[in-house]
Amino acid sequence: MNVSFTVQRGSQSGKVVQDITSRQLGRHEAYLQITHSGLCGTDEHYLRAGVVLGHEGVGIVQAIGQDVTAVKVGDRVGFGWVHKTCGHCESCLTVWDADSLYKIPEGLDSAHAAPLMCGGATVWSPLALYGVLPTDRVGVVGIGGLGHLAIQFAAKMGCKVVVFSSSESKREDAMKLGASEYHVLTADSSLEGIEQVNHMLLCGSAQPDFSRIIRLTSTAGKIYPLTVSFDAPPVPMLPLLARGISIQGSAGAPRAQIQKMLDFVVLHGIKPTVMTWPLDTKGVEDAMQTLREGKMRYRGVLVAA
């Protein structure tokens, strides 16, 4: 079966371009009509690569390959940044199931589900996989597309959530989302009186000062860098080694955990804070500009007509 579809992609000039393309539907593939597409900094990274933008979204299954059994035509499903895997190499066998679509539970709006497929999975993974306990203090650095979800997840897990931000402007939002403490963290702010955290989630867009982050992390605690940076961060090794603190890499989440995350969201009534635009060229450009200007509160979602 041959399918044709309209896409929004980047270009070498940095302009968003609308294209129509087609391909043969594979035996293990599903063809979706995308209704909602989340947008984040990763789209900015690939804006000049010429590839189709959008890596977290929700759509309705329109057609399936002859060997597909996990979903059927008419299902409302979500997808993340992994679209296809070989199913044989070490990475596939230890991290990802080859099936990469997730049924969206009843009660979860598609506009709220879309940002969970990448942003939500990114912050859920360290909370679910690396020994976070309800008795732990969990630090969240940065309140944005990732941070505002991390606060809600950790709070609903029973943790005491300690938020670090560069200004006072988001204090009220953080406390409403479930934070127990809020501290303004700048290059010259005092750390005196701040109790250390067991797990520190780095959700900001800028490289943090690791010397200060390490001082705020408890002995044998863990630090999770969750945003992409192409610069090598300076990490002071002596305090890291002396206090047994580990830096744990994490990107996305295994399939089973994404489904658990979606169920957890419905159970606890967690909702991303979203701004919406039309899913067309102008909508993508406007949303990207809002993101660049730091005005996104807190996750952008493109909605198809």
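The residue numbering used here restarts from 1 in each chain and proceeds along that chain's sequence as written. Predicted model: local features are reported for residues with pLDDT of at least 70 only, side-chain atom pairs are reported and counted for 80 or more only, and whole-chain, interface and lining totals are derived from all residues. Neither water nor hydrogens contribute to the side-chain values; these are computed over all heavy atoms in the structure.

As annotated in an unreviewed UniProt entry, the protein carries the name Alcohol dehydrogenase and is attributed to Trichoderma cornu-damae. UniProt positions are given in the numbering used here, feature names are shortened, and annotations may be inferred rather than shown by experiment. In the Cofactor (unreviewed entry) part of its UniProt record, the protein is described as follows: "Zn(2+)".

Asker: Looking at this model, I keep getting lost on the side chain of Thr290. Mind explaining?
Answerer: By definition, any uninterrupted DSSP run of H or I lasting at least four residues is a helix, any uninterrupted run of E lasting at least two residues is a strand, and each is numbered from the N terminus. Locating Thr290 in the fold gives a position in helix α10 (residues 281–292). Summary of the burial criterion: residues with accessible area below 20% of their type's maximum are buried, those above 50% are exposed, and those between are partly exposed, where the area comes from a 1.4 Å probe applied to protein chains only. Taking the relative accessible area as the measure of exposure, Thr290 reaches 15% and is therefore buried.

Asker: Sorry, what's going on with the sheet that holds strand β3 (residues 30–39) here?
Answerer: Strand pairs in the sheet, formed through backbone hydrogen bonds, run parallel or antiparallel to each other. Paired strands, in this sense, are two strands between which DSSP finds at least two bridges. One open sheet accounts for 6 strands, arranged β6-β5-β4-β3-β14-β13; its pairing is mixed. On the outer flanks of this sheet lie β6 (101–103) and β13 (274–278), each paired with one strand and no other. Sheet twist, expressed as the average angle between the axes of neighbouring strands with direction ignored, equals 35°. Relative to strand β4 (residues 57–64), β3 runs antiparallel, the two sharing 7 bridges. Looking at β4, one finds that Ile34 is bridged to Gly59. Working rule for contacts: check all heavy atoms of both residues, and any pair within 4.5 Å makes them a contact. All axes here are fitted lines through C-alpha atoms, helices being fitted over the stretch that makes contact, and every angle between N-to-C directions spans 0 to 180 degrees. The sheet strands contacting α10 are β3, β13 and β14 (299–303), and the helix crosses β13 at an angle near 150°.

Asker: Quick question: what am I supposed to make of the pairing of strand β5 (residues 76–79) here?
Answerer: Here is the key point about a regular strand: its side chains alternate between the two faces of the sheet. Direction of pairing for β4 relative to β5: antiparallel, over a ladder of 4 bridges. Within the sheet, the bridge partner assigned to Val58 lies in β5 and is Gly78. Pairing of β5 with β6 involves 3 bridges; the strand directions are antiparallel. Pairing of Val77 across the sheet is with Lys103, part of β6.

Asker: I keep staring at the confidence of the model for the protein and nothing clicks. Help me out?
Answerer: As a general rule, the predicted coordinates of low-pLDDT regions are not to be interpreted in detail. Scored between 0 and 100, pLDDT is the confidence that the predictor attaches to each residue. Looking at the protein as a whole, its pLDDT mean stands at 92, while 95% of the residues score no less than 70. A low-confidence stretch, residues 93–98 (pLDDT under 50), is modelled with 16 contacts involving residues beyond four sequence positions or located in other chains.

Asker: What should I look at first to understand the packing of aromatic side chains in this one?
Answerer: Where two aromatic rings form a pair, the distance of their centres and the angle of their planes describe that pair. The pairing test for Phe, Tyr and Trp rings, Trp by its six-membered ring, is centres within 6.5 Å, and the orientation test on the planes gives stacked under 30 degrees, edge-to-face over 60, and tilted for anything in between. For the structure shown, the criterion picks out 5 aromatic pairs. Ring centres 6.1 Å apart and planes at 45° place the aromatic pair Phe5 and Tyr31 in the tilted group. In this pair, Phe5 is assigned in strand β1 (residues 2–9) and Tyr31 in strand β3, connecting sequence segments 26 residues apart. Each member of the aromatic cluster is reached from another via a ring pair, and the members are Trp124, Phe153 and Phe264.

Asker: Can you walk me through the pairing of strand β11 (residues 217–225) in this structure?
Answerer: As paired elements, strand β10 (residues 197–202) and β11 share 5 bridges and run parallel to each other. Paired with Leu202 across the bridge in β11 is Pro225. In this view, the connection linking β10 to its parallel neighbour β11 by way of helix α7 (residues 210–215) has right-handed handedness. For β11 and strand β12 (residues 246–247), the ladder comprises 2 bridges, and the chain directions are parallel. From the neighbouring strand, Ile223 faces β12, where its bridge partner is Ile247. A clockwise course of the path from the first strand over the helix to the second, judged with the strands pointing away from the viewer, identifies a crossover as right-handed.

Asker: I'm lost on the pattern of salt bridges in this one. Help?
Answerer: Where charged atoms from two side chains of opposite charge come close, those side chains can pair. Salt bridge, as used here: a side-chain nitrogen of Lys or Arg that lies within 4 Å of a carboxyl oxygen of Asp or Glu. Under the definition given, this model contains 14 salt bridges. With its nearest N and O atoms 3.1 Å apart, the salt bridge here joins Glu44 to Arg292. Remark: Arg292 occurs in helix α10 and Glu44 occurs in helix α1 (residues 41–45); sequence separation between them is 248 residues. The partner of Asp286 in a salt bridge is Lys282, with the nearest N and O atoms 2.7 Å apart. Of the two residues, Asp286 and Lys282 both sit in helix α10, 4 residues apart, roughly one turn of that helix. Accessibility expressed as a relative area gives 29% for Asp286, which makes it partly exposed.

Asker: How should I be thinking about the nonpolar core in this particular structure?
Answerer: Nonpolar side chains in soluble globular proteins tend to end up buried together. Only buried residues count toward a nonpolar core, which is a set of Ala, Val, Leu, Ile, Met, Phe, Trp, Tyr and Cys residues joined through side-chain atoms within 4.5 Å. Ile151, Phe153 and Leu262 are the most contacted members of the largest nonpolar core, which totals 41 residues. Of all the secondary structure elements, the ones that give two or more residues to this core are α4 (119–129), β7 (137–141), α5 (147–156), β8 (160–165), α6 (171–177) and α9 (255–268). Dropping the residues within four chain positions of it, Ile151 is found in contact with Val140, Ile143, Val161, Val163, Ala174, Leu177, Gly178 and Ala179. Of all hydrophobic cores here, the second largest spans 16 residues; its members include Phe164, Leu191, Ile194 and Met200.

Asker: Help me understand unusual backbone geometry in this model?
Answerer: One can expect most non-glycine residues to show negative phi and most peptide bonds to be in trans. Geometrically, the link from Arg297 to Tyr298 is a cis peptide bond, its omega value of -15° lying close to zero. Among the secondary structure elements, Tyr298 is positioned in the loop between α10 and β14. Unusually for a residue other than glycine, Ala220 sits at a positive phi of about 65°. Among the structural elements, Ala220 can be located in strand β11.

Asker: What is the right way to read α10 from this model?
Answerer: Residues spaced three or four apart along an α-helix point in a common direction, a consequence of the helix completing one turn every 3.6 residues. The end-to-end C-alpha separation of α10 is 17 Å, in line with the 16 Å expected for 12 residues at 1.5 Å each. Within the sequence span of α10, burial applies to Gly283, Val284, Ala287, Met288 and Thr290. Buried residues of α10, seen end-on, are gathered within an arc of 160° and therefore sit on one face of the element. Looking at the buried positions of α10, the neighbouring elements they touch are β1, β3, α1, β13 and β14. Helix span is expected to be 1.5 Å times the residue number reduced by one. To be clear, the arc concerns the directions from the helix axis to the C-beta atoms.

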